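Residue strings, one per chain:
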Amino acid sequence: MNGLEIDPFIAALPKVELHVHIEGTLTPALRWKLAHRNNIPLPYKTYEELLDSYKVTYNHRREVNGDNGAPTFLEAYFAGCQVLCTEEDFYELAMEYLEKAQSMNVRYTEPFFDTQAHTRRGIPAEAVLNGYLRAQRDGAVKYRVRSNWIFCFLRDESLEDGLEAYRAALPWARTSDGQGKGLFHAVGLASNEYNRPPMLFEEAFLLAKKDGLHVTMHCDVDQKDAVDHVHESIFQVCAGKGAQRIDHGLNALDREDLIPGLKSRGIGLTLCPHAYHRRQATETLFPKIRKLWDEGVKFCINSDDPTYMHNVWIDGNMMKAYHFCGFSKADMATIVKNAVEMSWADEETKGEILAELKGLVEAEK
Ligand SMILES: [Zn+2]
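Residues numbered from 1 in each chain as written. Predicted model: local features only at pLDDT ≥ 70, side-chain atom pairs only at ≥ 80, totals over all residues.

> How would you summarise the overall build of the chain if you had to cite specific residues and measurements?
Tallying secondary structure elements over the chain gives 17 helices and ten strands in all. In terms of C-alpha radius of gyration, the chain reaches 19 Å, essentially the compact-globule figure of 21 Å for 365 residues. Overall, the chain is about 55 × 45 × 45 Å in size when its C-alpha atoms are taken along their principal axes. Counting across all 365 residues of the chain, residues that qualify as buried make up 47%. The long-range fraction of contacts in the chain, counting pairs at least 24 apart against all pairs at least 6 apart in sequence, stands at 77%. (Helix = DSSP H or I, 4+ residues; strand = E, 2+ residues; numbered from the N terminus. Rg over C-alpha atoms; globule rule 2.2 N^0.38 Å. Buried ≥ 20, exposed ≤ 12 C-beta atoms within 10 Å, placed from the backbone. Contact = placed C-beta atoms within 7 Å.)

In structure tokens form, the structure reads like this:
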């Protein structure tokens, strides 16, 4: 399913990652180590058994598609989260991700995180937030990967619970009053979207905007009501102004007002091709991505939850787009440029990445 060797040009591209869930980068090795450090029992006797458990393609939404005997992606993902207990664990998780990012020439990243999946297990939010904050600072120095994080509301939890988590995390935000610690500068959504449309969290988005944060909207692919969720994200959320980005949003192709809506409002999509390729045939999926491109929808390529998705990271996802969509090197450079423009990095960071990109493209001529 993965099998593509990364082309040297794809490897060399300076990259910007805008759709990666930090807990979805937890490697089996770190999970094994933390489980032992924290005395968390794993249902695997050996490391090899744990590794084998990652080889499946998870059930995509039992609610939607029935039970095929495999765990759902979210079950596997939250099972992995169990081993994360202390500030040091969250720090190590983030530092491992940033080190991996550096190895793929990721220059800047906006990882998704949440506190609710951890506080509901009795982990203090400060452990999560301080671990990531320290990694944000150390990773920028040690690995030269800059990051601004995105606080996610767990959408299968209540709005009230999300608001409480948000208020507790706010001192770690980069708010417009300049008082925050600067870990996160945006809010988004995570977890199960079944019967949980974006508008349920409208109050939270308005609050975040008032605090000076950006708003992005996760719209899972082929989820129940996916088209309606995309419609809400473009036309309804944030008092009708729409989200600034949509994460996935591939189902925008399925209703005719959505593509013009994305374009007229300048909303870009953070696509993760391998996440869809696990469930859609090559000849079905990649023409859709190509169609978005041909229609002039702005998008960039990202990794989603790489360790739970056959270890395909941003470079592997870009390679899939390059290979299966028939994109040229210039097209791939444009996709990176899109990511820079869609990002909320500071102007200096954007300028540096674009200059590096330009140098690479000129060297290819
Ligand atoms: Zn995602």
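Right, picking up where we left off after that structure.
> Help me get a handle on the packing of helix H6 (residues 87-103) against helix H8 (residues 125-142), residues and values and all.
Interaxial distance between H6 and H8 falls to 7 Å at its minimum, and their mutual angle equals 35°. Considering the relative orientation of H6 and H8, their crossing is right-handed. Residues Glu 87, Glu 88, Asp 89, Phe 90, Tyr 91, Ala 94, Met 95 and Leu 98 of H6 touch H8, and the partners they reach there are Ala 127, Val 128, Asn 130, Gly 131, Tyr 132, Arg 134, Ala 135, Asp 138 and Gly 139. Looking at the contact of H6 with H8 residue by residue, the class counts come to nine nonpolar, three polar and five charged. (Axes fitted to C-alpha atoms, helices over the stretch in contact; angles between N-to-C directions. Left-handed = near helix turned anticlockwise from the far one by under 90°. Nonpolar A, V, L, I, M, F, W, Y, C, P; charged D, E, K, R; others polar.)

> So what's going on with the environment of Val 141? Which residues, and what values?
With respect to the helices, strands and loops of the structure, Val 141 is situated in helix H8. Using a count of 8 C-beta atoms within 10 Å as the deciding quantity, one classes Val 141 as exposed. Remark: the alpha-carbon pair of Val 141 and Val 187, spanning 46 residues in sequence, is separated by 25 Å.

> If you had to explain the sheet that holds strand E4 (residues 146-147) to someone new, which residues and values would you point to?
By way of backbone hydrogen bonds, the strands of a sheet pair with one another, either parallel or antiparallel. Within the open sheet, the three strands sit side by side as E1-E2-E4. Their pairing is parallel. Looking along the sheet, the strands with just one partner apiece sit at the ends: strand E1 (15-17) and E4. (Pairing = 2+ DSSP bridges.)

> Describe in detail the sheet that holds strand E9 (residues 268-271), supporting the description with residues and values.
Taking strand neighbours across the sheet as the criterion, the seven strands line up as E3-E5-E6-E7-E8-E9-E10 in an open arrangement whose pairing is parallel. Single-partner strands in this sheet number two, and they are strand E3 (112-113) and strand E10 (299-301). Where strand E7 (residues 214-219) and strand E8 (residues 245-248) come together, four bridges link them in parallel fashion. Within E8, the residue paired with His 218 across the bridge is Asp 247. Along the sheet, helix H11 (residues 226-236) contacts E7 and E8; its crossing angle with E7, the most-contacted strand, is approximately 170°.

> Report on the nonpolar core, specifying residues and quantitative values.
Ranked by size, the top nonpolar core spans 101 residues in total, and within it Ala 94, Tyr 132, Val 187, Met 332 and Val 336 carry the most contacts. When neighbours within four sequence positions are excluded, Tyr 132 is seen to be in contact with Phe 90, Ala 94, Phe 113, Trp 149 and Leu 183. (Core = buried A, V, L, I, M, F, W, Y, C linked by C-beta atoms within 7 Å.)

> Residues and numbers for the environment of Phe 90, please.
Assignment of secondary structure puts Phe 90 in helix H6. C-alpha separation for the pair Phe 90 and Glu 283, spaced 193 residues apart in sequence, amounts to 39 Å. Excluding residues within four positions of it along the chain, Phe 90 makes contact with Leu 84, Ala 127, Val 128, Gly 131 and Tyr 132.

> Describe the pairing of strand E6 (residues 184-190), and please don't skip the residues or the numbers.
Most of E6 is tucked away: seven of the seven residues are buried. With helix H9 (residues 159-169) bridging strand E5 (residues 149-154) and its parallel neighbour E6, the resulting β-α-β unit is right-handed. Crossover connection from E6 via helix H10 (residues 202-210) to parallel E7: handedness right-handed. (Right-handed = clockwise from strand over helix to strand, strands pointing away.)

> Summarise the UniProt feature "domain: Adenosine deaminase" (unreviewed entry) in the chain; cite the residues concerned and give the values.
Under the present numbering, the feature "domain: Adenosine deaminase" (unreviewed entry) in UniProt falls on residues 14-357. What you have in residues 14-357 is 47% helix and 12% strand, and the ends, taken at the C-alpha atoms, are 6 Å apart. (UniProt positions renumbered as here; feature names shortened; annotations may be inferred.)

> Break down the pairing of E5 for me, citing the residues and quoting the values.
Buried residues dominate E5, accounting for five of its six residues. In this structure, E3 lies alongside E5, joined through two bridges in parallel fashion. Paired with Phe 113 across the two strands is Phe 151, which belongs to E5. One ladder, built from six bridges, connects E5 with E6; its direction is parallel. For Phe 151, the partnering residue across the bridge sits in E6 and is Val 187.

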